[in-house]
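# Residue-level structural notes
These are the residues of each chain, in order.
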Amino acid sequence: MPLEPVLVTDSLRQIPHTASSEHLIDRGNERIEEFMLSSEQTIENFVTCDFHLVDLAMTWLHENHLITGNNFCEFGSGYGVVTLLAADRGMRSVGIEIEPTLVERSMALAAELDLDAKFYCGSFIPRDIGDLTELAADIEHVDTHQGDIYKEIGLTMADFDLMFAFPWPGESGFFEAVFDAGAASGALLMTYRGREGVKLVRKT
Ligand SMILES: C[S@@+](CC[C@H](N)C(=O)[O-])C[C@H]1O[C@@H](n2cnc3c(N)ncnc32)[C@H](O)[C@@H]1O
């Protein structure tokens, strides 16, 4: 697989947050808590990553000029906080989420924070990337059946320079396979891996 690991510094936590990313994360966490308490519907696959750590990883990527362009995409964007953090730092930012309620909430949060990110309801898995049947067989927390949304976005996976996902344990290989099949050479995939922190691979 032509994916090259990019070693992330182990001193991410020493990087300061901007006031605006702190505000964004606080507001996002408040809204998520309100949503969780008020919602009658449980969205089984929705859990949130460590927004602070992912924000610092994006700062580190920018400071070290490791991203080849300005297009960001979050695969399974949940409540939209990481997509908004990317928009807040000036990236052209897109979140793809399969759950309509979460897409609505993400759009509301973007409006509340006056941030120019776009959210789309559909699947991040491109239709035309070949046979993922075998890989998808063991995947429980990604919807592998719905149609993709790239036509509506007007971009393909190959247009994104940085992609982010929070895979459930044991499912990161699936995200890497999708990324490998659709991303352009030079693009980065960042994944949040719980206690292991963030991992980065570059398509070579
Ligand atoms: C573990 S949550 C992560 C949410 C967010 N990325 C974060 O880090 O806070 C994964 C999200 O992916 C969504 N999802 C699952 N399959 C998807 C698919 N094929 N396309 C888009 N979103 C999907 C789920 O509804 C869920 O909100």
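It should be emphasised that the depicted structure is a prediction, and the values quoted were computed from it without experimental measurement.

In this section: the overall build of the chain. The secondary structure content of the chain amounts to seven helices and seven strands. Reading the secondary structure of the chain in the N-to-C direction produces β-α-α-β-α-β-α-β-α-α-β-α-β-β. Relative to its length of 204 residues, the chain is compact, with a C-alpha radius of gyration of 16 Å against a globular reference of 17 Å. Partitioning the intrachain contacts of the chain with sequence separation of at least 6 by distance along the chain shows that 71% fall at a separation of at least 24. Summed over all atoms, the accessible surface of the chain reaches about 10,200 Å², with 47% contributed by carbon and sulfur. Averaged over its 14 positive side-chain charges, the chain has a centre that lies 4 Å from the centre of its 34 negative ones.

This part is about the sheet that holds strand β1 (residues 3–6). Strands sit in the order β1-β7-β6-β5-β2-β3-β4 across an open sheet of seven strands; the sheet is mixed. The sheet is open, and its two edges are formed by β1 and β4 (117–121), each paired on a single side. Looking at each pair of strands side by side, their axes are set apart by 20° on average, direction ignored. For strand β5 (residues 162–165) and strand β6 (residues 188–192), the ladder comprises four bridges, and the chain directions are parallel. Across the sheet, residue A165 finds its bridge partner in β6, namely T191. Along the sheet, helix α2 (residues 51–63) makes contact with β2 (71–75), β5, β6 and β7 (198–203), crossing β6 at roughly 155°.

As a further point, take helix α3 (residues 81–88). Within α3, seven of the eight residues are buried, leaving the element largely enclosed by the surrounding structure. Where α3 ends, the next residue or the one after it, G90, has phi of about 95°, a positive value.

Time to look at the site of the ligand. Near the ligand, the surroundings consist of 24 residues, among which E74, G76, E97, S123 and D143 are the closest. At a separation of 2.7 Å, a nitrogen atom of the ligand approaches a polar backbone atom of G76.

Here we take up the environment of G130. For G130, the location among the structural elements is in the loop between β4 and α5 (133–136). Sequence separation between G130 and E104 is 26 residues, and the spatial gap between their C-alpha atoms is 31 Å.

In this section: helix α7 (residues 172–182). For α7, the tally of buried residues reaches nine of 11 residues, placing the bulk of the element in the interior. All buried positions along α7 are accounted for by S172, F174, F175, E176, A177, V178, F179, D180 and G182. Residues of α7 that are buried in the fold lie against β1, β2, α5, β5, β6 and β7.

Where α2 meets α3, the axes come as close as 10 Å, and the angle between the chain directions of the two elements is 30°. Along this stretch, α2 crosses α3, giving a crossing that reads as right-handed. Seen from α2, the contacting residues are F51, V54, D55 and M58; seen from α3, they are V81, V82, L85 and A86.

What counts, and where the lines are drawn
Residues numbered from 1 in each chain as written. Predicted model: local features only at pLDDT ≥ 70, side-chain atom pairs only at ≥ 80, totals over all residues. Heavy atoms only, no water. Helix = DSSP H or I, 4+ residues; strand = E, 2+ residues; numbered from the N terminus. Rg over C-alpha atoms; globule rule 2.2 N^0.38 Å. Contact = heavy atoms within 4.5 Å. Areas by Shrake-Rupley, 256 points an atom, 1.4 Å probe, with all protein chains shown as cover. Lys, Arg positive; Asp, Glu negative; His and termini not counted. Charge placed at Lys NZ, Arg CZ, Asp CG, Glu CD. Pairing = 2+ DSSP bridges. Axes fitted to C-alpha atoms, helices over the stretch in contact; angles between N-to-C directions. Buried < 20%, exposed > 50% of the residue type's maximum accessible area, 1.4 Å probe, protein only. Near = heavy atom within 4 Å. Polar contact = N/O pair within 3.5 Å; in protein donor to acceptor, adjacent residues only side chain to side chain. Left-handed = near helix turned anticlockwise from the far one by under 90°.

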